[in-house]
Amino acid sequence: MSGAKPRVLRGIPASPGIHVGAAFMVDRRRLKIRRRTVPRGRLDEETARFRAALETSVRQLEAIRARSQQAGERQPVAVLEAHLLMLRDESLVQGTLDIIRRDAVNAEWALGATLAKVLRAFEDIQDEYFRERRADVEFVGERVMRNLLGQAADLRPPAGGHAVLVAHELSPADTAGLGRDAVGALVTAAGSRTAHTAIVARALELPAVVGVAGLLGAVGAGDRVIVDGYRGEIVVRPTRAMVREAEERAACLRSRALALVDEAAGPAETPMCLSANIELEEEVEAALRYGAEGVGLFRTEFLFMGRGAPNESQQHRLYERILKRLGDRPATIRTLDMGGDKNPELFRPAPELNPAMGLRSIRLSLRHPGLFLAQLRALLRASTAGTLRILFPLIACPSELERALEYLDQARAQLRARGQAMAGRIEVGMMVEVPSAVMLADSFARQVDFFSLGTNDLIQYALAVDRHNEQLAYLNEPLHPAVLRMLDQVVRAARQAGIRVALCGEMAGEPQNLPVLLGLGLDEISMTPASLPLARHVLRRLSPEATQALWRDLRMCTHPRETERLVKEFLAAHLPDLAC
Ligand code: PEP
Ligand code: MG
């Protein structure tokens, strides 16, 4: 392998950071199981062996759950609980015991047959949520199988914590069991932004890239791998020069991050408010540590990704905890933005040819008024605990906003009728992430308190570039003149109406875009917590006058190469050390 050429593979950036280490291959699936006939007189022994393996699995998962609980990791705990329930599932346990007795076979074979039957039920289901549930069954089954075979069920990466864990997929028990310091980075062939690995990696602050096509064919055990969780890129068997460059970039980013985190503790002093995008309650801590002035986007759909939707009181308590933890900093909480690539069982729509333009987001909430009202009531009830801002996603049509606002009024009336308290004044805003909302921004601006520009979707819809299609990544250009003009139109509409305008798409977290966003005149930008210190550092060094001049030039551009060139020249003149 050592003589093989370097290979660059692209995936989905799941958690920021750069790490170089040796590949620790985790093949959770390749188990060889042989059928063995068990003499009738020894079947009790065989069933006892199976029960013992189940009990060992329960104890292992309970130990991991306790560790996760201690570390305050709520999401893995919830998933581990679901896994523990599966270990008591009739179809798995009784199914296996029945086969052992009926066919007089070994427990491994019987378990394999039972799992195959359960997994067959998942076949042909394209839905991402169900794919992940299928994976849960596989992970639990494999743990029991390994315990039966006397193999280590938990991952034992090499000591030192530097290895790059490479797997087709990891279970939450795997990632939670690893803890914060066991490996240096994670890379998986499967997975998406909503996959557990991505969420847990962010919460553990481990660099991670998921959804890397061709990963297992390209990496061998012990191969050196560069993981770039910012770019969503890995380099397998890099040249010495590539490693040096990555290590320099990592060291540069690390030392800058350290200095910047200290700096973040100081007063904000930036012309735009800097907020955090979060998906889990646990991330509030990181947001505060990195100096967020508030939460600019809480993606509530992740609460619904596990088994069963949280009810009104569970949501109320969670939103309240977040608001309390933020003190006087505002929390912008977005109502469910489900669908598209985020499809829990609850909302499983009929298969759609084009889910990105399908029954998703606010459209789904309006289709499920019971659920929508429960979320709105939970938000309103939590509003007394801090400064809440409610945000409606994917508004494309005036009637959607009107109906969402009507439901909000209805939720208020229901709480009043129940005698429950809520804040007197709560800001209500909408995501501007569909070109129709840009074109009607002047009218929408009269009906809301703020706009939040969702450039991830806006770019996708404006440039007809699927945001998840790696082949089209080169067309996904935040600095495309058409995109910049759209942003301009929305900011002007907001100014005209005297409302605030924020931007919470990924482009806000990329330092080279900051002069553009400052020149544009946004009030707030919101990004992954770990990106905040550098953003603050960069913004403190930029003068509004210089960036406004840049913006005036950018507005005249008609070609993406022109905007890129202007931005590069600006960076070279004003922020020459931004190179790493
Ligand atoms: C966006 O579309 O830019 C956005 C912030 O929302 P999401 O990434 O959740 O679609
Ligand atoms: Mg969006």
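Scroll up to find the structure this text is about.
Criteria and thresholds
- Residues numbered from 1 in each chain as written.
- Chains lettered and ligands numbered in written order.
- Predicted model: local features only at pLDDT ≥ 70, side-chain atom pairs only at ≥ 80, totals over all residues.
- Heavy atoms only, no water.
- Buried < 20%, exposed > 50% of the residue type's maximum accessible area, 1.4 Å probe, protein only.
- Helix = DSSP H or I, 4+ residues; strand = E, 2+ residues; numbered from the N terminus.
- Pairing = 2+ DSSP bridges.
- Axes fitted to C-alpha atoms, helices over the stretch in contact; angles between N-to-C directions.
- Donors = N, O, S within 2.8 Å, 3.2 Å for Na, K, Ca; no water.
- Phe/Tyr/Trp six-rings, centres within 6.5 Å; stacked < 30°, edge-to-face > 60°.
- Contact = heavy atoms within 4.5 Å.
- Near = heavy atom within 4 Å.
- Polar contact = N/O pair within 3.5 Å; in protein donor to acceptor, adjacent residues only side chain to side chain.
- Areas by Shrake-Rupley, 256 points an atom, 1.4 Å probe, with all protein chains shown as cover.
- Expected span 1.5 Å × (residues − 1).
- Core = buried A, V, L, I, M, F, W, Y, C linked by side-chain atoms within 4.5 Å.
- Salt bridge = Lys/Arg side-chain N within 4 Å of Asp/Glu carboxyl O.
- Left-handed = near helix turned anticlockwise from the far one by under 90°.
- Nonpolar A, V, L, I, M, F, W, Y, C, P; charged D, E, K, R; others polar.

Novice: Would you take a moment to explain the pairing of strand β5 (residues 185-188) for this structure?
Specialist: Burial along β5 is two-sided: the face carrying A185 and V187 and the face carrying L186 and T188 are both buried. Pairing geometry for strand β4 (residues 164-167) and β5, over 4 bridges, is parallel. Bridge pairing in β5 places A167 opposite T188. Where β5 lies against strand β6 (residues 208-210), 2 bridges are found, and the strand directions are parallel. Note on β6: the bridge partner recorded for L186 is A208.

Novice: Sorry if this is basic, but what is going on with the sheet that holds β6 here?
Specialist: Strands pair in a sheet through their backbones, by hydrogen bonds, and they do so in one of two ways: parallel or antiparallel. What the 8 strands build is an open sheet, ordered β1-β8-β7-β3-β4-β5-β6-β2; its pairing is mixed. Only two strands of the sheet have a single partner each, and these edge strands are β1 (7-10) and β2 (12-15). Adjacent strand axes in the sheet meet at a mean angle of 30°, parallel and antiparallel pairs treated alike.

Novice: Honestly, the coordination of the magnesium ion (ligand 2) in this entry has me stumped. Any pointers?
Specialist: Octahedral metals with six donors have ideal donor angles of 90 or 180 degrees. Tetrahedral metals with four donors have an ideal donor angle of 109.5 degrees. Every protein donor of the magnesium ion (ligand 2) is listed here as E433 (OE) and D457 (OD), and their distances to the metal cover 2.1 to 2.2 Å. Taken together, the residues span a long stretch of sequence, with E433 in the loop between β13 (427-432) and α15 (435-439) and D457 in helix α17 (residues 455-463) at a distance of 24 residues. On the basis of relative accessibility, which here comes to 2%, the residue D457 falls in the buried class.

Novice: Just to check I follow, could you spell out the pairing of strand β14 (residues 450-453) for this structure?
Specialist: It is a general feature of regular strands that their side chains alternate between the two faces of the sheet. Both faces of β14 are covered, namely the face carrying F450 and S452 and the face carrying F451 and L453. Relative to β14, β13 runs parallel, the two being bridged by 4 bridges. Opposite M430, over in β14, you have F451 as the bridge partner.

Novice: Sorry if this is basic, but what is going on with the packing of aromatic side chains here?
Specialist: All chains considered together, the criterion is met by 2 aromatic pairs. On the basis of an interplanar angle of 75° and a centroid distance of 5.7 Å, the ring pair of F372 and Y407 is categorised as edge-to-face. Residue F372 is found in helix α13 (residues 369-382), and its partner Y407 is found in helix α14 (residues 398-418); the two are separated by 35 residues along the sequence. A single burial state applies to F372 and to Y407, both of which are buried.

Novice: Honestly, the sheet that holds strand β12 (residues 387-392) in this entry has me stumped. Any pointers?
Specialist: An order of β9-β10-β11-β12-β13-β14-β15-β16 is seen for the 8 strands of this closed barrel, with the pairing classed as parallel. Sheet twist, expressed as the average angle between the axes of neighbouring strands with direction ignored, equals 25°. As paired strands, strand β9 (residues 273-278) and strand β16 (residues 524-527) are joined by 4 bridges and run parallel to one another. Counterpart to C273 in the pairing with β16 is E524. Against the sheet, helix α18 (residues 481-497) engages β13, β14 and β15 (500-503), with an angle of about 155° to β15. Running over the sheet, helix α20 (residues 532-540) touches β9 and β16 and is turned about 165° from β9.

Novice: Can you help me understand the site of ligand 1 in this one?
Specialist: Taken together, 15 residues surround ligand 1, and among them R299, R334, G454, N456 and R467 come closest. A distance of 2.8 Å is found between an oxygen atom of ligand 1 and a side-chain nitrogen or oxygen belonging to R334. Contact between ligand 1 and N456: an oxygen atom at 2.7 Å from a main-chain N or O atom of the residue. Against a free-state accessible area of 290 Å², the protein chains account for coverage of 100% of ligand 1.

Novice: What am I meant to see in unusual backbone geometry here?
Specialist: Among all residues save glycine, negative phi is the norm, and among peptide bonds the norm is trans. Positive phi outside glycine occurs at S361, with the angle close to 55°. For S361, the location among the structural elements is in helix α12 (residues 361-367). Residue classification places S361 among the buried residues on the basis of a relative accessible area of 0%. Phi is positive for A464, close to 55°, though the residue is something other than glycine.

Novice: Would you explain α18 in this entry?
Specialist: Note: α-helices contain 3.6 residues per turn, so residues at a spacing of three or four share the same orientation. With 17 residues, α18 should reach 24 Å at 1.5 Å per residue; the first-to-last C-alpha distance of 24 Å fits that figure. Within α18, burial applies to P481, V483, L484, M486, L487, D488, V490, V491, A493 and A494. Positive backbone phi, at 70°, marks G498, one or two positions downstream of α18.

Novice: Sorry if this is basic, but what is going on with the nonpolar core here?
Specialist: Here is a general trend for soluble globular proteins: nonpolar side chains tend to be buried in one another's company. Counting residues in hydrophobic clusters, the biggest one holds 100 residues, and the most contacted among them are F392, F451, L522 and I525. In terms of residues, this core owes the most to one element, α18, which gives 8 residues. Once you skip the residues sitting within four places of it in the chain, F392 turns out to touch T335, I362, F372, L376, L401, A404, L405, V428, G429, M430 and M431. Membership of the second largest hydrophobic core comes to 30 residues, among which are A53, I64, V105 and L148.

Novice: Looking at this model, I keep getting lost on the side chain of R360. Mind explaining?
Specialist: By secondary structure assignment, the location of R360 is in the loop between β11 (330-334) and α12. For R360, a relative accessible area of 5% translates into the label buried. Engagement of the side chain of R360 in a polar contact is seen with the side chain of D337, the distance being 3.3 Å. Side chain to side chain, R360 and Y461 meet in a polar contact 2.7 Å long.

Novice: Can you help me understand the pattern of salt bridges in this one?
Specialist: Oppositely charged side chains may form a pair once their charged atoms are brought near each other. By the definition in use, this model includes 37 salt bridges. We note a salt bridge from R249 to D228, for which the minimum N-O separation is 2.7 Å. One end of the pair, R249, is in helix α9 (residues 240-264); the other, D228, is in strand β7 (residues 224-228), with 21 residues separating them in the sequence. Comparing R249 with D228 shows no difference in burial state: the two are buried. We note a salt bridge from E400 to R363, for which the minimum N-O separation is 3.8 Å.

Novice: Would you take a moment to explain the packing of α13 against α14 for this structure?
Specialist: For any two helices packed against each other, one specifies the inter-axial angle together with the distance between the axes. Two elements in contact, α13 and α14, have axes separated by 9 Å at closest approach and are oriented at 65°. For α13 against α14, the interelement crossing comes out right-handed. Along its contact with α13, which presents P369, F372, L373, L376, R377, L380 and R381, the element α14 presents A404, Y407, L408, Q410, A411, R412, Q414, L415 and R418. Looking at the contact of α13 with α14 residue by residue, the classes come out as 10 nonpolar, 2 polar and 4 charged.

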